Amino acid sequence: MTRAQHFGWFLARGFGPHGWGTPALDWNYRWTEPRLYQESARVLEQAGFDLLLIEDAPSLGSPDTIDLRVRQAFGGPKHDPLLLAPYLFEVTRHLGVVPTVNPAASLPYTAARQFATLQHLSGHRLGLNVVTDTGSARHFGDAPQLGHDAAYDRAEEWLAGLRQLWGSWDDGALIADPARGRYADGSRLRPTRHRGEHFAFDGPLNALPFGTGGEPVIASPGGSGRGLAFAGANSDVQLALSPMDERSVRAYRERVHTAAIEGGRRPDDVRILFALEPVIVASAEEAERIVAGSRDPDDDALRRIADKQSSDLETDLTSFDLDKPLGSSVFGAHVSQGSIRRLVGDRDIETTPLRVLLSDLARLGRLTDRTGFVGTADEFADYIEELGEWGNDGVLLWGDLHPVTLHRTLDELVPILRRRGILRTEYVPGGLRANLAAF
Ligand SMILES: Cc1cc2nc3c(=O)[nH]c(=O)nc-3n(C[C@H](O)[C@H](O)[C@H](O)COP(=O)(O)O)c2cc1C
């Protein structure tokens, strides 16, 4: 039976100058102003999407490699997506907006109050993508940088603190009854006191309780064992970056569900959205042509990929000979192991020429043979329907947030998904949490 799924859009390079280096720049891509994003948020809502998720990194990275991040705008500048959210809420009524937040960057009381304010302002449509980036520690005080797992521990303490503060107002604390001449009952506010490993604060929170709309939705993207344990114990939405064949999808879902049970929750408490970057084209012939055209990238194409990789890896790949192996010694200790794995794949870094590694990244694949995500709208609908047969909850389509990109991706796909009953045509009242729970 066809299964309805949830759809999200992932603004994968954050609130930054996406148009740079693309023809969209000439389509008035004024990234610092809200209008472009507002137009796109309306499109996503018209399409029946549950949410828009906005990537973020508060830091430009290591002091020595900042130029690699900014020279082609791959790693910055990035403005704060939390502050973009109200502009998007203003022009929509149902779409959830999920900015990325970093537990190192704001104290629990401040964060709880700001998020509570936005949750009310938006009619319960706020979500928070909680990430555990450790490299930006130096911007937020003089505490030493945490290790991978310790950063998840801190995120858990932070989130528990937020939830404790959000729960400051017991049932009956808010009266707001002119007949009784009483707005609230202070004796029903909890004098929360937290002294933990990473944070210390007192409550109660000076913000209204959420009522039936509930707390902001928590999303998380971590894929490590510790990351999945965090999701199982805490998240409403888990973002999955995993191979998307049947076995891997089922195995990934099983791991998240087990983590939920171990975290004292039900498997169904976590919606899992698989992230993919679609290239939707008009015909199978066009798809074949695009895939074939990416097979032997020229030096210009490789240079662009090297620029992006230089930003992610904080290592200048453009200064190396394309026809010689890189060797692992070029990467300093500050470089993310995950980013190195993405560059190298299954190859041997000591013997494989850089050209081969970059060409692997440049190559696109056909959706029909599951080597990539180039396909027609019908092929994508077939694939998403198949994901649903494997129990999948939803899909996170990833790209920039220019209206042209959205229309190119969605105009044909949305009607097909709706005809098949995979994509919602109506929202339920109650905000993001209610819509995620609707099926
Ligand atoms: C779909 C998706 C979105 C992500 N968004 C962000 C983000 O906005 N900011 C960030 O610092 N990391 C982001 N990440 C990276 C993760 O937070 C995390 O650093 C990475 O998955 C490594 O964590 P792990 O070791 O638990 O897998 C994202 C990852 C995925 C798959």
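Residues numbered from 1 in each chain as written. Predicted model: local features only at pLDDT ≥ 70, side-chain atom pairs only at ≥ 80, totals over all residues.

Peer 1: Where do I start with the overall build of the chain in this structure?
Peer 2: When its secondary structure is counted, the chain shows 15 helices and 14 strands. Relative to the compact-globule value of 22 Å for 439 residues, the chain shows a C-alpha radius of gyration of 23 Å, a close match. Going through the 439 residues of the chain one by one, you find that 40% of them count as buried. Counted over contacts in the chain with a minimum sequence separation of 6, partners at least 24 positions apart contribute 73%. (Helix = DSSP H or I, 4+ residues; strand = E, 2+ residues; numbered from the N terminus. Rg over C-alpha atoms; globule rule 2.2 N^0.38 Å. Buried ≥ 20, exposed ≤ 12 C-beta atoms within 10 Å, placed from the backbone. Contact = placed C-beta atoms within 7 Å.)

Peer 1: Quick question: what am I supposed to make of the environment of Arg 304 here?
Peer 2: Within the secondary structure, Arg 304 sits in helix H9 (residues 299-313). Taking the C-alpha atoms as reference, Arg 304 lies 9.5 Å from Ala 362; in sequence the two are 58 residues apart.

Peer 1: Is there a simple way to explain the site of the ligand in this structure?
Peer 2: Neighbouring the ligand are 19 residues; Glu 55, Pro 221, Gly 222, Ser 224 and Gly 227 lie closest to it. Grouping the constituent residues of the shell around the ligand by class yields seven nonpolar, eight polar and four charged. (Near = placed C-beta within 6 Å. Nonpolar A, V, L, I, M, F, W, Y, C, P; charged D, E, K, R; others polar.)

Peer 1: In this structure, what is going on with the sheet that holds strand S11 (residues 271-276)? I would like to understand it.
Peer 2: Across a sheet, strands are paired by hydrogen bonds formed along the backbone, either parallel or antiparallel in direction. The eight strands are arranged S1-S2-S3-S4-S9-S10-S11-S14 in a closed barrel whose pairing can be described as parallel. Here the strands of the sheet are splayed against their neighbours by 25° on average, with no regard to which way each runs. As paired strands, strand S3 (residues 96-101) and strand S4 (residues 127-130) are joined by two bridges and run parallel to one another. Bridge pairing in S4 links Thr 100 to Asn 129. (Pairing = 2+ DSSP bridges. Axes fitted to C-alpha atoms, helices over the stretch in contact; angles between N-to-C directions.)

Peer 1: Could you clarify how one ought to interpret the nonpolar core in this entry?
Peer 2: Nonpolar side chains in soluble globular proteins tend to end up buried together. The biggest cluster of nonpolar side chains holds 91 residues, and the ones touching the most others in it are Leu 44, Leu 52, Leu 53, Val 97, Val 98, Phe 274 and Leu 396. The element best represented in this core is helix H5 (residues 148-166), accounting for eight residues. With near-sequence residues (within four places) excluded, Leu 396 lies in contact with Gly 8, Phe 10, Leu 53, Leu 239, Leu 273, Phe 274 and Ala 275. Of all hydrophobic cores here, the second largest spans nine residues; its members include Leu 313, Leu 317, Leu 326 and Leu 358. (Core = buried A, V, L, I, M, F, W, Y, C linked by C-beta atoms within 7 Å.)

Peer 1: Could you clarify how one ought to interpret unusual backbone geometry in this entry?
Peer 2: Leave glycine aside and you will find that most residues have negative phi; peptide bonds, for their part, are mostly trans. In this structure, the amide linkage connecting Gly 76 to the following residue, Pro 77, adopts the cis form with an omega of 5°. As for its placement among the helices and strands, Pro 77 is situated in the loop between helix H2 (66-70) and helix H3 (81-90). The linkage connecting Gly 203 with the following residue, Pro 204, adopts the cis geometry, with an omega of -5°. Along the chain, Pro 204 turns up in the loop between strand S8 (200-202) and strand S9 (217-220). Here His 124, not a glycine, exhibits a phi torsion of approximately 65°, which is positive. With respect to the helices, strands and loops of the structure, His 124 is situated in the loop between helix H4 (108-121) and S4. His 124 sits in the buried class, given 24 other C-beta atoms within 10 Å. Backbone geometry at Glu 314 places phi at a positive 50°, although glycine is not the residue there. Judged by local crowding, Glu 314 falls into the buried class, with 22 C-beta atoms found within 10 Å.

Peer 1: So what exactly am I meant to see when it comes to helix H12 (residues 377-389) here?
Peer 2: At 3.6 residues per turn, the α-helix brings residues three or four places apart onto the same side. With 13 residues, H12 ought to run about 18 Å at 1.5 Å a step, and its terminal C-alpha atoms sit 18 Å apart, in line with that. Residues of H12 that are buried: Ala 377, Phe 380, Ala 381, Ile 384, Leu 387 and Gly 388. With its buried residues spanning 120° around the axis, H12 presents them on a single face. Packing partners of the buried residues in H12 comprise helix H7 (246-262), S11, strand S12 (279-281), strand S13 (374-376), strand S14 (394-399) and helix H14 (413-419). (Expected span 1.5 Å × (residues − 1). Arc of directions from axis to C-beta.)

Peer 1: For this particular structure, what's the right way to read the domain arrangement of the chain?
Peer 2: When the parts of a complex come together, some accessible area is lost, and that lost area is often used as the size of the interface. For the chain, the domain assignment lists domain 1 (6-64 + 74-166 + 206-283 + 370-437) and domain 2 (296-362). For domain 1 and domain 2, the distance between their C-alpha centres works out to 28 Å. With four residues of domain 1 in contact, the opposing surface of domain 2 contributes five residues. The residue inventory of the side of domain 1 that touches domain 2, partitioned by class, reads one nonpolar, three polar and no charged. (Domains from an automatic or database assignment.)

Peer 1: Please clarify how the UniProt feature "domain: Luciferase-like" (unreviewed entry) in the chain should be interpreted in this entry.
Peer 2: Feature annotation in UniProt assigns "domain: Luciferase-like" (unreviewed entry) to the following positions: residues 32-391. The annotated region residues 32-391 carries 39% helix and 13% strand content, and the separation between its end C-alpha atoms amounts to 39 Å. (UniProt positions renumbered as here; feature names shortened; annotations may be inferred.)

Peer 1: What should I look at first to understand the pairing of strand S5 (residues 174-177) in this one?
Peer 2: On a regular strand, each side chain points to the face opposite its neighbour's, so the side chains alternate between the two faces of the sheet. With two bridges connecting them, S5 and strand S6 (residues 182-184) associate as antiparallel partners. In the strand pairing of S6, Leu 174 is matched with Ala 184. Hairpin connection, S5 to S6: the antiparallel pair is bridged by four residues, and Gly 181 has positive phi, about 65°.

Peer 1: Sorry if this is basic, but what is going on with the packing of H4 against H5 here?
Peer 2: Each pair of packed helices gets described by two things: the angle between the helix axes and the distance between those axes. Between H4 and H5, whose axes approach to 9 Å, the crossing angle comes to 55°. It follows from the interaxial angle that H4 and H5 lie oblique. Along this stretch, H4 crosses H5, giving a crossing that reads as right-handed. Contact residues: H4 offers Pro 108, Tyr 109, Ala 111, Ala 112, Phe 115 and Ala 116, while H5 offers Trp 158, Gly 161, Leu 162, Leu 165 and Trp 166. Among the residues forming the contact of H4 with H5, the class breakdown is ten nonpolar, one polar and no charged. (Parallel < 35°, antiparallel > 145°, perpendicular 65-115°, else oblique. Left-handed = near helix turned anticlockwise from the far one by under 90°.)

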